[in-house]
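These are the residues of each chain, in order.
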Amino acid sequence: TERASFTVGGIESFAETSARNHLSSTTEVAAFEHVVADDRIARSTGYAPGDALVYVERVRRLNGVAAILDRSYFLAEQVPGLSAEIAGKSIYQFLEHELGCIVAMGKRAITVERVTMHDQELLDLDGIDYVAVMTTQAFNAQGIMFECTQSRHRPDMFCFRDTAVRSTV
């Protein structure tokens, strides 16, 4: 199976990554709700307890295979007008072109985790019992974290790439 190449050092939307890899892609919105960050959500995302958030869960299909489960929390005040319909297309297109948001940077961590029952329900895992998990905290030009997304990837379909540069001491 050819692997989709995801850049770790750049910020690219799912639609942009799919196009660059010449893959057909679709997004299914599995959940869309307004929530308030409790202690558990705050610990896992970096938001403060009490922050008003929009939770979006999306299943990403590549060439018909449910390969990625994105679980995102957006700071509600930074995404006015975000809807499930928009989430099924491109949230970054909406943020940048409709709201004028400048996506400035992201902090990322990549781990490997055992699949959950939820992963098994939503992803086409074909017996695979682990997923590659990329967690991204995204910040706008004002330094405000507007998004925290955990992307749970079927590992045999992806390659994460970066360019490492040695800094002089």
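Above this text is the structure in question.
Residues numbered from 1 in each chain as written. Predicted model: local features only at pLDDT ≥ 70, side-chain atom pairs only at ≥ 80, totals over all residues. Heavy atoms only, no water.

Caption draft 1: Spatial organisation of the layout of surface pockets. Each pocket or cavity is described by its volume, and for the second largest pocket that value is around 170 Å³. Lining the second largest pocket, in full, are R40, S44, T45, Y55, R71, Y73, T135, C148, T149 and Q150. The set of elements that each furnish at least two residues to the lining of the second largest pocket consists of α2 (39-45), β4 (65-75) and β7 (145-153). Residue composition of the lining of the second largest pocket, grouped by class: 3 nonpolar, 5 polar and 2 charged. (1 Å grid on protein atoms, 1.4 Å probe; cavity = no way out; pocket = protein on both sides within 12 Å on 5 of 7 lines; lining within 4 Å. Points joined across faces, edges and corners; volume = space filled by probe spheres on them. Helix = DSSP H or I, 4+ residues; strand = E, 2+ residues; numbered from the N terminus. Nonpolar A, V, L, I, M, F, W, Y, C, P; charged D, E, K, R; others polar.)

Caption draft 2: Here's a closer look at the pattern of salt bridges. Per the counting criterion, the structure on display carries 9 salt bridges. Ionic pairing is found between D124 and R61, a salt bridge with its closest N-O pair at 3.5 Å. A residue pair is termed long-range when its members are at least 10 positions apart, and D124 in the loop between α5 (117-122) and β6 (130-140) and R61 in strand β3 (residues 52-62) qualify at 63 residues. By relative accessible area, D124 is classed as partly exposed at 30%. A salt bridge links R152 to D119; the shortest N-O distance between them is 2.8 Å. (Salt bridge = Lys/Arg side-chain N within 4 Å of Asp/Glu carboxyl O. Buried < 20%, exposed > 50% of the residue type's maximum accessible area, 1.4 Å probe, protein only.)

Caption draft 3: Spatial organisation of unusual backbone geometry. For N63, which is not glycine, the phi torsion reads 50° and is therefore positive. Mapped onto the elements of the fold, N63 is located in the loop between β3 and β4. For N63, a relative accessible area of 46% puts it in the partly exposed group. Backbone geometry places D126, a non-glycine residue, at a positive phi of 50°. Relative to the assigned elements, D126 resides in the loop between α5 and β6.

Caption draft 4: Broad picture of the sheet that holds β6. With antiparallel pairing, the 6 strands of this open sheet are ordered in space as β2-β3-β4-β7-β6-β5. Only two strands of the sheet have a single neighbouring strand rather than two, namely β2 (25-36) and β5 (103-114). Each adjacent strand pair in this sheet contributes to an overall mean axis angle of 15°, direction not counted. As judged from the 10 bridges shared by β3 and β4, these two strands associate in the antiparallel manner. Its bridge partner lying in β4, R61 is registered against A66. Packing of helix α4 (residues 91-98) onto the sheet brings it into contact with β3, β4, β5, β6 and β7, and relative to β7 it is tilted by some 160°. (Pairing = 2+ DSSP bridges. Axes fitted to C-alpha atoms, helices over the stretch in contact; angles between N-to-C directions. Contact = heavy atoms within 4.5 Å.)

Caption draft 5: Representation of the pairing of β6 in the model. Burial of β6 is extensive: 8 of the 11 residues sit out of reach of the surface. As paired elements, β5 and β6 share 11 bridges and run antiparallel to each other. Bridge pairing in β6 links M105 to F139. Across 8 bridges, the pairing between β6 and β7 is antiparallel. Across the sheet, M134 pairs through a bridge with S151, a residue of β7.

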